[in-house]
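Residue-level structural notes
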Amino acid sequence: MTAAKTLNDVRVRIACAAKAAGRDVSDVTLVAVSKTFDADAIRPLLDAGQRVFGENRVQEAADKWPTLRADFPETELHFIGQLQSNKAEGAAELFDVIHSVDRMSLVKALAKSARRPACFIQVNLGGESQKGGCAPDAVAGLIAALEEANLPVLGLMCLPPLDKEPAPYFALLAKIAREHGLSGLSMGMSGDFETAIMLGASHVRVGSALFGARENH
Ligand SMILES: *Cc1c(COP(=O)(O)O)cnc(C)c1O
């Protein structure tokens, strides 16, 4: 299948899910997760019109994207991985949106850059220690810290436990966002983005459905 066809298939599925949910398809942003794939694999999606991409490693993105962005300057880059504080300033220079803000020290580190990427606060709803994300009761403090640092707050992000039905986690994230007056919800991946859209996702992060299976990374 060509990249244009694959991309179109995912876009049609997004549109159908939005329609079924009574939502406007323009309220759902497709973040094409290109982690582990090289520039040659990414370029066909750019040629097909995709302009929002997600990466989970700062160095990998810094190696691949400057050249691609020179050809497609309006491309938006989203950081979706766990972010170490010592890489935060570099991430703020390269990325337009950070999906994984989960602690005060990271807000401080991001604020060192002159750039002001928009941010999602990642919430760890399954209490999984190996994953990033803050506890739900830390969300209010992080919103205040981001606002104080002039970093725009888009909403909340989650990554439900792999072995669980994701819908209850998506619904819970939407509820927490509502309680804090946030409208953005970064949730849903290749296996569950339609469910996430039904439950209010504003950003779906889709990798393998667009690029094929990844080597472990
Ligand atoms: C890799 C990754 C994705 C994309 O996963 P797929 O199942 O390939 O769609 C989405 N979100 C995060 C945080 C990821 O690390």
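These remarks concern the structure in this document. Source: prediction; values computed, not measured. Note on numbering: residues in each chain are counted from 1, in written sequence order. Local features in a predicted model are, by the rule used here, given only for residues with pLDDT of at least 70; side-chain atom pairs are given and counted only at 80 or more, and totals for whole chains, interfaces and linings are based on all residues. Computation of side-chain values: all heavy atoms of the structure, hydrogens and water removed.

What follows deals with the overall build of the protein. If you tally the helices and strands in the protein, you get 9 helices and 8 strands. For 217 residues, the compact-globule estimate of 2.2 N^0.38 gives 17 Å, and the C-alpha radius of gyration of the protein, at 16 Å, lies within 12% of that figure. The principal-axis extents of the C-alpha atoms in the protein amount to approximately 45 × 40 × 30 Å. Evaluated residue by residue, the protein yields a buried proportion of 50% over its 217 residues. Using the Shrake-Rupley algorithm and a 1.4 Å probe, accessible areas are obtained, with residue cover drawn only from the displayed protein chains. A total accessible area of about 10,000 Å² is found for the protein, and carbon and sulfur atoms account for 51% of it. In this tally, Asp and Glu contribute negative charge and Lys and Arg positive charge; neither His nor the terminal groups of the chain are included. Every charge is mapped onto a representative atom, which is NZ of Lys, CZ of Arg, CG of Asp or CD of Glu. Within the protein, one finds 23 positive and 26 negative side-chain charges whose respective centroids are separated by 2 Å. Numbering of helices and strands starts at the N terminus; helices are DSSP runs of H or I of at least 4 residues and strands are runs of E of at least 2. The globule rule used here is 2.2 Å times the number of residues to the 0.38 power, and the radius of gyration it is set against is calculated over C-alpha atoms. To sort residues, take the accessible area from a 1.4 Å probe on protein chains only and compare it with the maximum for the residue type: under 20% means buried, over 50% means exposed, and anything in between is partly exposed.

Membership of the largest hydrophobic core comes to 63 residues, with the highest contact counts inside it found for Phe-53, Leu-83, Ile-98, Leu-110, Leu-156, Val-204 and Leu-210. Ranked by residues supplied to this core, first place goes to helix α7 (residues 167-179) with 6 residues. Contact definition: two residues touch when any of their heavy atoms are within 4.5 Å. Setting aside its immediate chain neighbours within four residues, Leu-83 contacts Val-58, Ala-88, Ala-91, Ile-98, Ser-100, Arg-103, Leu-106 and Leu-110. Buried residues of nine kinds, namely Ala, Val, Leu, Ile, Met, Phe, Trp, Tyr and Cys, make up a nonpolar core once their side-chain atoms join them within 4.5 Å.

This brings us to the packing of helix α2 (residues 39-47) against helix α3 (residues 58-71). Between two packed helices, the angle of one axis relative to the other and the distance separating the axes together describe the packing. As a rule, the C-alpha atoms of each element are fitted with a line to give its axis, helices using only the stretch in contact, and angles between N-to-C directions run from 0 to 180 degrees. It is at 11 Å that the axes of α2 and α3 come closest, and there the two elements cross at 30 degrees. Here α2 is positioned roughly parallel relative to α3, judged by the angle of their axes. Relative to α3, α2 is oriented so that their crossing is right-handed. Taking contact as the criterion, the partners of Ala-39, Ile-42, Arg-43 and Leu-46 in α2 are, on α3, Lys-64, Trp-65, Leu-68 and Asp-71. The residue classification treats Ala, Val, Leu, Ile, Met, Phe, Trp, Tyr, Cys and Pro as nonpolar and Asp, Glu, Lys and Arg as charged. All others, Gly included, are polar. In the contact of α2 with α3, the residues fall into 5 nonpolar, no polar and 3 charged. If an angle is under 35 degrees, it is roughly parallel; if it is over 145, roughly antiparallel; if it lies from 65 to 115, roughly perpendicular; otherwise it is oblique. By convention, the crossing between two helices is left-handed when the near helix turns anticlockwise from the far helix through less than a right angle, and right-handed when the turn is clockwise.

Our next topic: the site of the ligand. Consider each residue's heavy atoms; a residue with any of them within 4 Å of a molecule or strand counts as near. Near the ligand, the surroundings consist of Val-33, Lys-35, Ile-80, Leu-159, Met-189, Ser-190, Arg-205, Val-206, Gly-207, Ser-208 and Arg-214. Whenever a nitrogen or oxygen atom comes within 3.5 Å of another N or O atom, the pair is scored as a polar contact, on the condition that within protein one atom can donate a hydrogen and the other can accept it, and that pairs from neighbouring residues in sequence are kept only if both atoms are in side chains. Within the side chain of Arg-205, a nitrogen or oxygen atom sits 2.9 Å from a nitrogen atom of the ligand. Between the ligand and Arg-214, the relevant distance is 2.8 Å, taken from an oxygen atom to a side-chain nitrogen or oxygen of the residue. Protein chains bury 89% of the 390 Å² of accessible surface belonging to the ligand in isolation. Partitioning the shell around the ligand into residue classes produces 5 nonpolar, 3 polar and 3 charged.

Nothing here speaks to function; it is all geometry.
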